[in-house]
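Examination of the molecular architecture
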Amino acid sequence: MSAVANPATVGECLRVGAGFSQGDRNWIAEQFATLDARLAGFHADATELEVSVKDREARGQKVTLECWIAGRQKIVTTSSEEDLHAALNDVRDDLRRRLNDAKTRQEPRHNKHLRDIPQPQGEVDESEDPARVDAETA
């Protein structure tokens with residue numbers, strides 16, 4: 001991926017949604033700091049993250065992390081872990097996996113258009129390939 005002038009970071013792109021206060025934002029950003037390396041390939045202006053929790057600290061709490069990157073489908077990860085810290089780590093790790101999967105899908109080996117372009121065939125110098133010389137003279 002080409003270098004990005006203004007790379008996305010969790011600190012720049014993270015919003016806290018329902019169930020969290022602005023006071024929780026820094027703590028959550030620290031938990032998600034390992035995503036910075038994965039997000040760095042995207043422009044900060046075109047990347048958004050939002051984390052929310054439903055029924056915080058209750059038995060059925062559900063943490064949701066949504067990621068919007070321009071030109072890509074929205075990625076939504078959820079966790080029903082009862083421990084908030086574990087749930088945040090769960091959605092973070094799932095988002096990292098999905099970003100890696102999305103990157104892999106966009107590499108040229110998975111792009112039919114790029115695979116179908118014929119590669120230039122260079123002429124083979126027979127002096128460099130003794131097996132070919134032996135096969136032709138035999």
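Provided above is the structure to which this section pertains.
Here is a short report on the structure shown in this document.

**Regarding the sheet that holds strand 4 (residues 75–79)**
If you walk across this open sheet you meet the four strands as 1-2-3-4, and the pairing is mixed. Of all the strands in the sheet, just strand 1 (14–16) and strand 4 have a single pairing partner and so form its edges. On average, each strand axis in the sheet is tilted by 15° relative to the strand beside it, whichever way the strands run. Where strand 1 lies against strand 2 (residues 47–54), three bridges are found, and the strand directions are parallel.

**Here we look at the pairing of strand 2**
Buried residues dominate strand 2, accounting for six of its eight residues. Pairing analysis gives eight bridges linking strand 2 to strand 3 (residues 62–69), with the strands arranged antiparallel. Paired with Leu49 across the bridge in strand 3 is Cys67.

**Focus on the nonpolar core**
Counting 27 residues, the largest nonpolar core has Phe32 and Val51 as the members making the most contacts within it. Residue assignment for this core shows that the elements contributing at least two residues are helix 1 (10–13), strand 1, helix 2 (22–31), strand 2, strand 3 and helix 4 (84–105). Here the element with the most residues in this core is helix 4; it accounts for six residues. Apart from the residues within four sequence positions on either side, Val51 is in contact with Leu14, Arg15, Val16, Gly17, Phe20, Ile28, Phe32, Val63, Thr64, Leu65 and Leu88.

**Observations regarding a negative patch on the surface**
Taken together, the side chains of Glu81, Glu82, Asp83 and Asp90 make up a negatively charged region of the molecular surface. Exposure remark for Asp90: the relative accessible area of 30% places this residue in the partly exposed category.

**A few points about the side chain of Glu66**
Relative to the assigned elements, Glu66 resides in strand 3. Within polar-contact distance, the side chain of Glu66 engages the side chain of Lys74 at 3.0 Å. Each residue touching Glu66, except ones within four places of it in the same chain, is listed here: Glu48, Leu49, Glu50, Lys74, Ile75 and Val76.

**Focus: the pairing of strand 3**
Most of strand 3 sits inside the fold, with six of its eight residues counted as buried. As judged from the five bridges shared by strand 3 and strand 4, these two strands associate in the antiparallel manner. What sits directly across from Thr64, in strand 4, is Thr78. Between the antiparallel neighbours strand 3 and strand 4 lie five residues, among them Gly71 with a positive phi of about 85°.

**Overview of the pattern of salt bridges**
In total, this model carries eight salt bridges according to the counting rule given. Of the charged contacts, one joins Arg56 and Asp24 as a salt bridge, the two residues approaching to 2.8 Å between their closest N and O atoms. One end of the pair, Arg56, is in the loop between strand 2 and strand 3; the other, Asp24, is in helix 2, and 32 residues separate them in sequence. Look at Asp24 and you get buried, because its relative accessible area is 16%. Between Asp93 and Arg92 there is a salt bridge, and its shortest N-O distance comes to 3.0 Å.

Calculation rules
Residues numbered from 1 in each chain as written. Predicted model: local features only at pLDDT ≥ 70, side-chain atom pairs only at ≥ 80, totals over all residues. Heavy atoms only, no water. Pairing = 2+ DSSP bridges. Helix = DSSP H or I, 4+ residues; strand = E, 2+ residues; numbered from the N terminus. Axes fitted to C-alpha atoms, helices over the stretch in contact; angles between N-to-C directions. Buried < 20%, exposed > 50% of the residue type's maximum accessible area, 1.4 Å probe, protein only. Core = buried A, V, L, I, M, F, W, Y, C linked by side-chain atoms within 4.5 Å. Contact = heavy atoms within 4.5 Å. Patch = residues over 30% accessible without salt bridge, like charges linked within 9 Å, V, L, I, M, F, W, Y side chains within 5 Å. Areas by Shrake-Rupley, 256 points an atom, 1.4 Å probe, with all protein chains shown as cover. Salt bridge = Lys/Arg side-chain N within 4 Å of Asp/Glu carboxyl O. Lys, Arg positive; Asp, Glu negative; His and termini not counted. Charge placed at Lys NZ, Arg CZ, Asp CG, Glu CD. Polar contact = N/O pair within 3.5 Å; in protein donor to acceptor, adjacent residues only side chain to side chain.

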